[in-house]
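Take a look at the letters that make up each chain.
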Amino acid sequence: MTAVSSLRPEPRPEILDIDIYVPGRSRVEGVAKVHKLSSNESPLGPSPKAIDAYRARADDLAAYPDGSARVLREAIARRFGLEPDRILCGNGSDEILALLAHVFLRPGDEGVYSAHGFLAYPIAIRAAGATAVVAPETDRTANVDALLGKVGPRTKIVYLANPNNPTGTYLPYAEIRRLHAALPADCLLVLDAAYAEYVTRNDYAAGLELAASCENVVMTRTFSKIHGLASLRIGWSYGPRRVADAINRVRSPFNLSGPAIAAGAASLDDAAHLEAAVAHNDRWLPWLSASIGALGIEPTPSVANFVLLTFGRNGVGTASEADAFLSARGYILRAMSAYGLPQSLRLTVGSAEANRGVVEALAEFVERSRS
C-alpha cells in the first residue's frame, strides 16, 4: 500500500503570524433597524452624477475596462492640477499602500508607522517580508521625533496617515515637511490622506506639494469616504514617475472596473455634493464631540468624519459594555482593541437621526453605569 505523503504547499511562516484585518460590523442579529457608524462611510451617499455614470455602464459589462483608468486619472489631474502619468489608481487606496510595500521593501528592510496608525500598514510591511517598526504617539497623535527615532539604515518606508485613522488627529504641514527633510533620500514617505477633504484647519495640507516635487514622497487618497463610493473600491496616489512606473509593472492590469472608473470621474465633477458633505460634517462633528464629552465620555479631538470615544472613566462603563449596549439598540460603532485602544470605540459622523439617536443611547448607558 502506497504511503500518503505529508508534504503540502506551505505559506511563508511569517504570513501566518499576521492578524487578519477585521472590518467594521454592518449588522446585529435580531435588530431590525441598524445605524452603521463603524466604517466612516458618508451619510450623504454618492453623488447623483456618480450613480448615473455607474448605471450608464450597465450595457458594457462584457468588456474589459480600460486598464490604465485614463478617464479617471485625467479627471483627478484636472481637479487637482496634476500630471496624469504620475497618478496611480487602485482597488481602494489599500491596494496602493500594499503595492508600495511589495515593490519597495525587501526581507531585512523595515517599515515604520505610528502606534495607533491604520492597521493596513503593518500588514503590508510584514507581507512584503520586512519588519514593521512602531513609533509611539503623543496624546494619540503621531510624533515626528518619535518616528524619526525609529528610522535607521534598514528603513525604506514610513507610512503616515494624516489625519490619522482611528484617532482623528493630525499633524500640521510644517511637521510633515520637517519629517520629510530628516528622512534618508532612499526612504519612501507615504502620506495617507484618506480624510483630507474633511480637514478645514489652515495649517493642514494633504501633501500634494511634496509628492509633486520630491523623489521619495507618495500621497494616497480615496473615493470611499467623502465621495461615498466605498463599495466601488477606488483609490489613487500621486508621486514620482519612477514610482508610478514600478507599481504599474506589478499591479493587476484591470484593477478598477469600468463602472468604478466612470463613477469616480463623475463624482469629481459634482463640487456641490462634496461641499454638502463637508458642511454636514462641520455641523455634526463638533456637536457629537461636545454632547458626548458632556456625558463624561472622553472624545479625542478630531478633524475627520469620526470621533474616537474613550470609556471607563468618570464612573462610565467600559468600551465593551458600551459596545454591547449600543449594538442592542441598533448603533454599531468600531471596537478599537486591535489598535491598542481597548477602552475606545470609534464613532462615524452619521445622519442627523443616527447622531441624535446614538447620543441619546450613550446618555442612557452612562446613567445606567452610574446607578
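Here is what the cut-offs are and how they apply
- Residues numbered from 1 in each chain as written.
- Predicted model: local features only at pLDDT ≥ 70, side-chain atom pairs only at ≥ 80, totals over all residues.
- Heavy atoms only, no water.
- UniProt positions renumbered as here; feature names shortened; annotations may be inferred.
- Buried < 20%, exposed > 50% of the residue type's maximum accessible area, 1.4 Å probe, protein only.
- Helix = DSSP H or I, 4+ residues; strand = E, 2+ residues; numbered from the N terminus.
- Pairing = 2+ DSSP bridges.
- Right-handed = clockwise from strand over helix to strand, strands pointing away.
- Core = buried A, V, L, I, M, F, W, Y, C linked by side-chain atoms within 4.5 Å.
- Contact = heavy atoms within 4.5 Å.
- Salt bridge = Lys/Arg side-chain N within 4 Å of Asp/Glu carboxyl O.

- Per an unreviewed UniProt entry, the recorded name for the protein is Histidinol-phosphate aminotransferase, and the organism is Roseiarcus fermentans.
- As recorded by UniProt, the Subunit (unreviewed entry) comment attached to the protein reads in full: "Homodimer."
- For the protein, the Cofactor (unreviewed entry) comment in UniProt is given as "pyridoxal 5'-phosphate".

### Comments concerning the pairing of strand S3 (residues 110–114)
Logical step 1: Taking burial as the measure, the five residues of S3 include five buried ones, the bulk of the element.
Logical step 2: Alternating residues of S3 divide into Glu110, Val112 and Ser114 and Gly111 and Tyr113, and every residue in both groups is buried.
Logical step 3: Bridge count between S3 and strand S4 (residues 131–135): five bridges; the pairing is parallel. Paired with Val112 across the strands is Val133, a residue of S4.
Logical step 4: Remark: the S3/helix H4 (residues 120–127)/S4 crossover connection has right-handed handedness.

### Points about the nonpolar core
Logical step 1: Leu72, Ile76 and Trp236 are the most contacted members of the largest nonpolar core, which totals 51 residues.
Logical step 2: Considering every element that reaches this core, the biggest residue donor is helix H9 (residues 258–268), with five residues.
Logical step 3: When near neighbours in sequence (up to four residues on either side) are disregarded, Leu72 contacts Cys89, Phe223, Ile234, Leu256, Ile261, Gly264, Ala265 and Leu268.
Logical step 4: Formed by 29 residues, the second largest nonpolar core is a distinct cluster that contains Leu105, Ala120, Ala124 and Ala244.

### Some thoughts on the UniProt feature "domain: Aminotransferase class I/classII large" (unreviewed entry) in the protein
Logical step 1: Look at the UniProt record and you will see "domain: Aminotransferase class I/classII large" (unreviewed entry) annotated at residues 33–362.
Logical step 2: Taken end to end, residues 33–362 is 38% helix and 18% strand, and its two terminal C-alpha atoms sit 17 Å from one another.

### Side note on the pattern of salt bridges
Logical step 1: For the structure shown, the criterion picks out 20 salt bridges.
Logical step 2: A salt bridge links Arg241 to Glu83; the shortest N-O distance between them is 2.1 Å. Of this pair, Arg241 sits in helix H8 (residues 241–248) while Glu83 sits in the loop between helix H2 (70–80) and strand S2 (87–91), and the two are 158 residues apart along the sequence.
Logical step 3: The class of Glu83 is partly exposed, set by a relative accessible area of 32%.
Logical step 4: Across the pair Asp145 and Arg178 runs a salt bridge, and its minimum N-O distance is 3.0 Å. Here Arg178 lies in helix H6 (residues 173–182) and Asp145 lies in helix H5 (residues 144–149), a separation of 33 residues in the sequence.
Logical step 5: Here Asp145 falls in the partly exposed class, since its relative accessible area comes to 49%.
Logical step 6: Note on Arg178: relative accessible area 33%, which makes it partly exposed.
Logical step 7: Several salt bridges converge on common partners, so that one network encompasses Glu83, Asp85, Arg86 and Arg241.

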